[in-house]
Number of protein chains: 4
Amino acid sequence: MVKVGIVGGTGYTGVELLRLLSRHPQAQVEVITSRSEEGVKVADMFPNLRGHLDLAFTVPDVDRLAACDVVFFATPHGVAMSMAPELIERGVRVVDLGADFRIKDIELWEKWYNLEHTCPELAQQAVYGLPEVNRDAIREGQLIGCAGCYPTAVQLGYRPLLENGLVDHRRLIADCKSGVTGAGRGANVAMLQAESSESVKAYGVPGHRHLPEIRQGLSGMAGRPVGLTFAPHLMPMIRGIHATLYSILKDPVGPDLQTLFEEFYRDEPFVDVMPAGSHPETRSVKGSNMCRISVHQPQGEDTVVVLSAIDNLVKGASGQAIQVMNIMFDLPETAGLEQVALMP
Amino acid sequence: MVKVGIVGGTGYTGVELLRLLSRHPQAQVEVITSRSEEGVKVADMFPNLRGHLDLAFTVPDVDRLAACDVVFFATPHGVAMSMAPELIERGVRVVDLGADFRIKDIELWEKWYNLEHTCPELAQQAVYGLPEVNRDAIREGQLIGCAGCYPTAVQLGYRPLLENGLVDHRRLIADCKSGVTGAGRGANVAMLQAESSESVKAYGVPGHRHLPEIRQGLSGMAGRPVGLTFAPHLMPMIRGIHATLYSILKDPVGPDLQTLFEEFYRDEPFVDVMPAGSHPETRSVKGSNMCRISVHQPQGEDTVVVLSAIDNLVKGASGQAIQVMNIMFDLPETAGLEQVALMP
Amino acid sequence: MVKVGIVGGTGYTGVELLRLLSRHPQAQVEVITSRSEEGVKVADMFPNLRGHLDLAFTVPDVDRLAACDVVFFATPHGVAMSMAPELIERGVRVVDLGADFRIKDIELWEKWYNLEHTCPELAQQAVYGLPEVNRDAIREGQLIGCAGCYPTAVQLGYRPLLENGLVDHRRLIADCKSGVTGAGRGANVAMLQAESSESVKAYGVPGHRHLPEIRQGLSGMAGRPVGLTFAPHLMPMIRGIHATLYSILKDPVGPDLQTLFEEFYRDEPFVDVMPAGSHPETRSVKGSNMCRISVHQPQGEDTVVVLSAIDNLVKGASGQAIQVMNIMFDLPETAGLEQVALMP
Amino acid sequence: MVKVGIVGGTGYTGVELLRLLSRHPQAQVEVITSRSEEGVKVADMFPNLRGHLDLAFTVPDVDRLAACDVVFFATPHGVAMSMAPELIERGVRVVDLGADFRIKDIELWEKWYNLEHTCPELAQQAVYGLPEVNRDAIREGQLIGCAGCYPTAVQLGYRPLLENGLVDHRRLIADCKSGVTGAGRGANVAMLQAESSESVKAYGVPGHRHLPEIRQGLSGMAGRPVGLTFAPHLMPMIRGIHATLYSILKDPVGPDLQTLFEEFYRDEPFVDVMPAGSHPETRSVKGSNMCRISVHQPQGEDTVVVLSAIDNLVKGASGQAIQVMNIMFDLPETAGLEQVALMP
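As the structure is a prediction and not an experimental result, all values here were calculated from the model.

## Digging into the overall build of chain A
Per the secondary structure count, chain A includes 12 helices and 13 strands. Relative to the compact-globule value of 20 Å for 344 residues, chain A shows a C-alpha radius of gyration of 20 Å, a close match. Overall, the C-alpha framework of chain A stretches about 60 × 45 × 40 Å when taken along its three principal axes. Per-residue burial over chain A gives 67% buried out of 344 residues. The contacts in chain A between residues at least 6 apart in sequence include a share of 70% that link residues at least 24 apart. Surface exposure of chain A reaches about 10,800 Å², of which carbon and sulfur atoms provide 47%.

Shown next, in the form of structure tokens:
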């Protein structure tokens, strides 16, 4: 059994880690921390866990965490970088679900997160946690900065096009739609049901923190800096991200895109290329670690539209972190992640 | 492995059986029927099942069904009673998720369902499929008429009071709230999102088909005919039933109800009596087979209020049917039913 | 034009007053206060008001408020009682949408609101603002304590039964369902869309602050203290209250209830008794000041079930306050309140 | 009073016409037709209209319709073209909310609607009903083909850019999001709340019927054929369209777009250019005839993103039709259309 510690268990990625890990056949949560909820039983806060988990929140304590094989940080940015160095020094492997270790260009990170990075060397060594792209590096990694939710949906969708050099890398447009759990579990008037349900809006169009992360990933795939417009939108639903990805084909009569996508992802357990003509629904991945993708070339013209759907809390966060853990510890990659999406 | 056949796989209880059985360690779906969708792959209709189930719908065929150990009917009333006799004769065990075999008083059944019952003797032999009440009979049963969704929530909530003779059995009021999947997957203007979301209404107050079923069950617990007012309401959510159960204590300073409920259900794997003062949320059981209950005696007066929450598609239908199957085939009762509710 | 001041304009009842008053033909909002948003244009906070209202929030100032004909308090309890005395002394009429002036038994008020009442004599003089019950007193009133949202739905539903002495006044059960705006616009984790949507729960079953208000009103109708169980529930929708009201007929073969209700409310502009057999939907009153009611006697037995639906922000708060104002200033009672409900 | 007839009153645009016209100071609905609901009182079908409208559905009858000043067709495509010729011959003015008279290229129309057009000459004479573009022609028009919902949001958003020749007209991308009422009121499994809520999906990416209409309109603005990719998405909400419009600036340091948009729409009563940096929410126009727009140039690069929000049933259908009628009959353009959006 892999012994797991979780720092920051009271947010949505925290409780989702608990939901998934409580049924994982080869991992066991040993420690879960929360400063504000010390002593509270996890199942008192999250009644879905009643009968499944008999742990209480504790104050973060490095000694207790260091007794784990792996520590997940389900925390806002800034927390992992303050605790990871000591854990890593003591041989614990660290998986950060937050943003501290995703970006290699520290200056860029500091600009977007408006914070000084306290362990820039570690950030350089960190492995970017998107298994489909980085599986081998993850296996050996000591510190993983898991891909964010939007970045996962966008990168998996664009990847076959960019790695095959099929589209104009300077004109990428990612129109993304997220459910409200993407905003976290903090008290926030804008996310009250009375405010956010029955409405759609864009946000962060002038600039969103996931932009540099996505650009870094897509540029890696393209082999040069990409031009990207990223417009996130808030959807009136709990879970799910839908990315609609536009790009311009260099050659509108090039290879068959459906076949190309299917072959590209043939062996991936968590990427499902849907039949030609499909439109993936976010509900078809609700609660599951799957990313469903379809590819369209409307009217046979030179614009290609890729549709990519994930559950932001699973493949976009906690499921991905567990997939990363499975790889790190040589467990079956799908262990604990075989849930069928809850539909309807 | 228990070989399972499913008649009527295109409704919500059908796809929910598939979601649950596709991860069941000791059962395997062999046949799934649908007249209208013959030849269609199940996963083409329900994309959440892509990668989990590689079956296509077939026309109902008794020979093929008779090769199964158990056949589930996830069909409207009237279907099971037409096919069950032959299957039972051929030694197959039958679990009906519909209403054909729930009511012992055939005349009453015929009145409420406005249909002639074609195998009244079988209905007499059938076991009522509510495991907490009928576990032993289910174990030996050849034909099970599973408890309906409202009846499950109401009966589990009232049972400790009625079996202990604590309340006035003539004045029971069950105010019940159900998500929209309770209405099934038929095309129906009233259940369009544009019609049913952002609204609440009662329905069937003059009389609802679950009334005689609930009355029969509660009367069994009370040892005499109960008086019951049952008012179902439609809630703007996908899954879940919440029953608010009112009754009058014979003795307002009788036994401590919290303790009594906790002890009553201590050994039940799927009934969770919550701490004193709790209010169960339907989301805390979403996708799970759990029934969460709390009991209140407001202001210390003589009215007792029991709150009971289930997922109508799981403990109220498909999960219950699998629990019944587990009992029938001497599998662990919780096999395939240990999902943690999806929350948020 | 009636000159209107509003204290506390940033909550849901505040913005709803603005929505309704901005189209009122004979009233004009002159002052709107908010300590926290001083100087902010109202339409910057509530973009639905862009183009309809050109006011900014100001700090509460008695001189400025005293220049109005009427001041609405759209504030939490405790605020109105601190400012009303001076305004009333200066001849302004005051309409409190909050709870400070609803209850005559000050000791009871102080117990439930856990606060010392600072002007108990004023509370005695205050008129309870439920126009259907108190129209004449409202006309002459200097200070009105408007009926709360649940109390409005419950009282209008029970009134024909209680005033006619038809039911057992000791055994009333009000099972009520409210949309999330009932909880106000404060930042609150429990009311995030991710928490409250797709779920139903009861709350406050042991005791809710509207209980003494409802009891007081129903007791007035019955002519003696009633026995009432009140169970509020949170519904996953923005607006609306649905009250399901149970009581026991003294004589099950008494007067025809449908006719009695229709005649009782024949002349009320905002109470709509629906045809026999109806179930009012909350969406049928969304955004309107209407209360729709139906009455059932299930199976002809002795329990009567009244269904009552209002928009909690309109007939349950801001619309009611405007109806009260119309009466006070001898305007047509329906002025500014003739909106058709938004459906779908 | 303008005498109004409505053909097809049982769909969402029909009931929305009734909601708006029942409060219109200078128009009166005289006839409302429905073959299937003949004799049914409108308010029995749509309870929000109880007390506001005392009409019953009648079978479509040309004589009765010909006694009106204007007839609205709130019907699926194909209906208006079968009845409009006779009405027009008899001097009635016709406003089609459907698609029969929007497209000038009849061959194109027939291809997309898969139907023979029975009065192509009328289609040539018809005026395209988008008041901001075509006000003068509408004033004189005998037959108006009202702009569709997506086309309205997209055209109003792109118009300042295209008419000023600021963007590359060959590379327009309209990523559009619509609430479920866009799909109409027909019984349809895909639009059940259990199916469409809590999910997002694209649809019609290979080709949607609004594409040729939008292309025709944008090409008119650009003065030459535009290149357009149009991807509609289904949102889990009742009302609202949000269009996210991407285009490439010819000169990234050209005129200030915020100023340009504000001046462009300064005199339009129903177009609201929001302050720089804003993101319009669909709820801010719910139930109102307003289109709210904001314009962004993310990171100062050469891509411009316009956000445009309308209520699909009001500015995208019935409100627009009434605005058209107001213009045709020299009424104030805003008559009957001054509702404040219902928010929350």
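## Topic: the pairing of strand E10 (residues 241–248) of chain A
Residues and elements named next belong to chain A. Of all 8 residues in E10, 8 are buried, a share of seventy percent or more. Covered by surrounding structure in E10 are Ile241, Ala243, Leu245 and Ser247 together with His242, Thr244, Tyr246 and Ile248, the residues of both alternating faces. For E10 and strand E13 (residues 303–310), the ladder comprises 8 bridges, and the chain directions are antiparallel. Paired with Leu245 across the strands is Val306, a residue of E13.

## Details of the interface of chain D and chain C
Listed per partner, the contact involves 34 residues of chain D and 34 residues of chain C. Taken together, the two surfaces of chain D and chain C that pack against each other cover about 2,800 Å², and 61% of this comes from carbon and sulfur. Per-residue buried area on chain D facing chain C is highest for D:Arg50, D:Val340 and D:Pro344; these three make up 25% of the total on that side. The interface formed by chain D and chain C contains 4 salt bridges. The residue D:Glu338 makes a salt bridge to C:Arg23 at a minimum N-O spacing of 3.0 Å. The interface formed by chain D and chain C includes 12 residue pairs in polar contact (both at pLDDT 80 or more). At the level of secondary structure, the elements contributing two or more residues to the side of chain D that touches chain C comprise helix H1 (12–21) and strand E11 (271–273) of chain D. For the side of chain D that touches chain C, the leading source of residues is H1(D), giving 4 residues. Residue composition of the side of chain D that touches chain C, by class: 15 nonpolar, 8 polar and 11 charged.

## Quick notes on the sheet that holds strand E1 (residues 2–7) of chain C
Residue and element names in this part refer to chain C. Strands sit in the order E2-E1-E3-E4-E6-E5 across an open sheet of 6 strands; the sheet is parallel. Because the sheet does not close on itself, it has two edges, and the strands there are strand E2 (27–33) and strand E5 (127–129). On average, each strand axis in the sheet is tilted by 25° relative to the strand beside it, whichever way the strands run. In the sheet, E1 pairs with E2 via 6 bridges, with the strands oriented parallel. Looking at the pairing, Val4 lines up with Val29 of E2.

## Structural notes on the packing of helix H7 (residues 131–140) of chain D against helix H12 (residues 314–328) of chain D
Residues and elements named next belong to chain D. Remark: H7 packs on H12, axes separated minimally by 9 Å, with the N-to-C direction vectors making an angle of 40°. Considering their axes alone, H7 and H12 lie oblique with respect to each other. By crossing handedness, the relation of H7 to H12 is classed as right-handed. Side by side, H7 and H12 meet where Pro131, Glu132, Arg135, Ile138 and Arg139 of the first sit next to Lys315, Gln320, Gln323, Val324, Ile327 and Met328 of the second. Its residues assigned to classes, the contact of H7 with H12 comprises 5 nonpolar, 2 polar and 4 charged.

## Brief notes about the relation of the copies chain A and chain D
Screw-axis analysis of chain A against chain D gives a translation of 0.0 Å along the axis, an RMSD of 0.0 Å, and a rotation angle of 180°. Put plainly, the chains are arranged around a two-fold axis. When C-alpha distances to the rotation axis are compared across chain A, the minimum falls at A:Pro236, with a value of 3.1 Å. Looking at chain A, 100% of its interface residues are interface residues in chain D too, so the copies touch through the same face.

## Focus: helix H5 (residues 106–113) of chain D
Residue and element names in this part refer to chain D. Among all positions in H5, only Ile106, Trp109, Trp112 and Tyr113 are buried. The buried residues of H5 all sit within an arc of 130° when viewed along its axis, so they share a single face. Those residues of H5 that are exposed and angled more than 90 degrees off the buried face are Glu107 and Lys111. Along its buried surface, H5 packs onto helix H4 (80–89), helix H6 (120–125) and helix H10 (210–222). Where H5 starts, the residue carrying a side-chain oxygen 3.2 Å from the main-chain nitrogen of Glu107 turns out to be Asp105.

## Quick word on the sheet that holds strand E4 (residues 93–96) of chain D
Residue and element names in this part refer to chain D. Read across the sheet, 6 strands follow the order E2-E1-E3-E4-E6-E5 without closing on themselves; strand pairing throughout is parallel. Taken across any chain shown, the strands that pair with only one partner, and hence form the sheet edges, are strand E2 (27–33) and strand E5 (127–129). Direction aside, the axes of adjacent strands within the sheet are offset by 25° on average. Sheet topology places strand E1 (residues 2–7) next to strand E3 (residues 70–73); 4 bridges connect them, and they run parallel. By the bridge assignment for E3, Gly5 is matched with Val71. Packing of H7 onto the sheet brings it into contact with E4, E5 and strand E6 (143–146), and relative to E5 it is tilted by some 135°.

## With respect to empty space enclosed by the protein
Taken as a whole and judged by the stated rule, the model has 10 cavities of 30 Å³ or more. Taken as a whole, the largest cavity holds about 190 Å³ of empty space. Contributing to the lining of the largest cavity are 16 residues, with A:Glu198, A:Pro236, B:Glu198, C:Glu198 and D:Glu198 lying nearest its centre. When its residues are assigned to classes, the lining of the largest cavity shows 4 nonpolar, 8 polar and 4 charged.

## Concerning the domain arrangement of chain A
Residue and element names in this part refer to chain A. Splitting chain A by domain gives domain 1 (2–125) and domain 2 (150–311). Each of domain 1 and domain 2 was reduced to a C-alpha centroid, and the two centroids are 27 Å apart. With 15 residues of domain 1 at the interface, the matching set in domain 2 holds 13 residues. Summed over both sides, the interface of domain 1 with domain 2 buries roughly 1,300 Å², with 55% coming from carbon and sulfur. Together, Tyr12, Arg102 and Trp112 form the three largest contributors to the area buried by domain 1 at its contact with domain 2, with a combined 49%. At the surface where domain 1 touches domain 2, the tally comes to 2 salt bridges. On the surface where domain 1 and domain 2 come into contact, there are 7 residue pairs in polar contact (both at pLDDT 80 or more). Counting residues per element, the ones that place at least two in the side of domain 1 that touches domain 2 are helix H1 (12–21) and helix H5 (106–113). By residue class, the composition of the side of domain 1 that touches domain 2 is 7 nonpolar, 3 polar and 5 charged.

## Observations concerning the interface of chain A and chain D
Taken together, the contacts link 47 residues of chain A with 47 residues of chain D. In this assembly, chain A packs against chain D so that about 4,000 Å² is buried in total across both faces, 55% of it on carbon and sulfur atoms. It is A:Glu198, A:Val200 and A:Gln299 in chain A that bury the most area against chain D; as a group they hold 15% of the surface buried on that side. Our enumeration of links across chain A and chain D arrives at 8 salt bridges. Between D:Arg215 and A:Glu301 there is a salt bridge; the shortest N-O distance is 3.6 Å.

## So, the packing of helix H8 (residues 149–163) of chain D against helix H11 (residues 257–264) of chain D
Residues and elements named next belong to chain D. Across the interface, H8 lies against H11 with an axial gap of 10 Å and an inter-helix angle of 110°. Classified by the angle their axes make, H8 and H11 are roughly perpendicular. In this structure, H8 contributes Gly157, Arg159, Pro160, Leu161 and Glu163 to the contact, and H11 contributes Leu257, Leu260, Phe261 and Phe264. A breakdown of the residues in the contact of H8 with H11 according to their chemical character gives 6 nonpolar, 1 polar and 2 charged.

Rules used in this analysis
Residues numbered from 1 in each chain as written. Chains lettered and ligands numbered in written order. Predicted model: local features only at pLDDT ≥ 70, side-chain atom pairs only at ≥ 80, totals over all residues. Heavy atoms only, no water. Helix = DSSP H or I, 4+ residues; strand = E, 2+ residues; numbered from the N terminus. Rg over C-alpha atoms; globule rule 2.2 N^0.38 Å. Buried < 20%, exposed > 50% of the residue type's maximum accessible area, 1.4 Å probe, protein only. Contact = heavy atoms within 4.5 Å. Areas by Shrake-Rupley, 256 points an atom, 1.4 Å probe, with all protein chains shown as cover. Pairing = 2+ DSSP bridges. Buried area = accessible area lost by both parts, 1.4 Å probe. Salt bridge = Lys/Arg side-chain N within 4 Å of Asp/Glu carboxyl O. Polar contact = N/O pair within 3.5 Å; in protein donor to acceptor, adjacent residues only side chain to side chain. Nonpolar A, V, L, I, M, F, W, Y, C, P; charged D, E, K, R; others polar. Axes fitted to C-alpha atoms, helices over the stretch in contact; angles between N-to-C directions. Parallel < 35°, antiparallel > 145°, perpendicular 65-115°, else oblique. Left-handed = near helix turned anticlockwise from the far one by under 90°. Least-squares fit on C-alpha atoms with pLDDT ≥ 70 in both. Arc of directions from axis to C-beta. 1 Å grid on protein atoms, 1.4 Å probe; cavity = no way out; pocket = protein on both sides within 12 Å on 5 of 7 lines; lining within 4 Å. Points joined across faces, edges and corners; volume = space filled by probe spheres on them. Domains from an automatic or database assignment.

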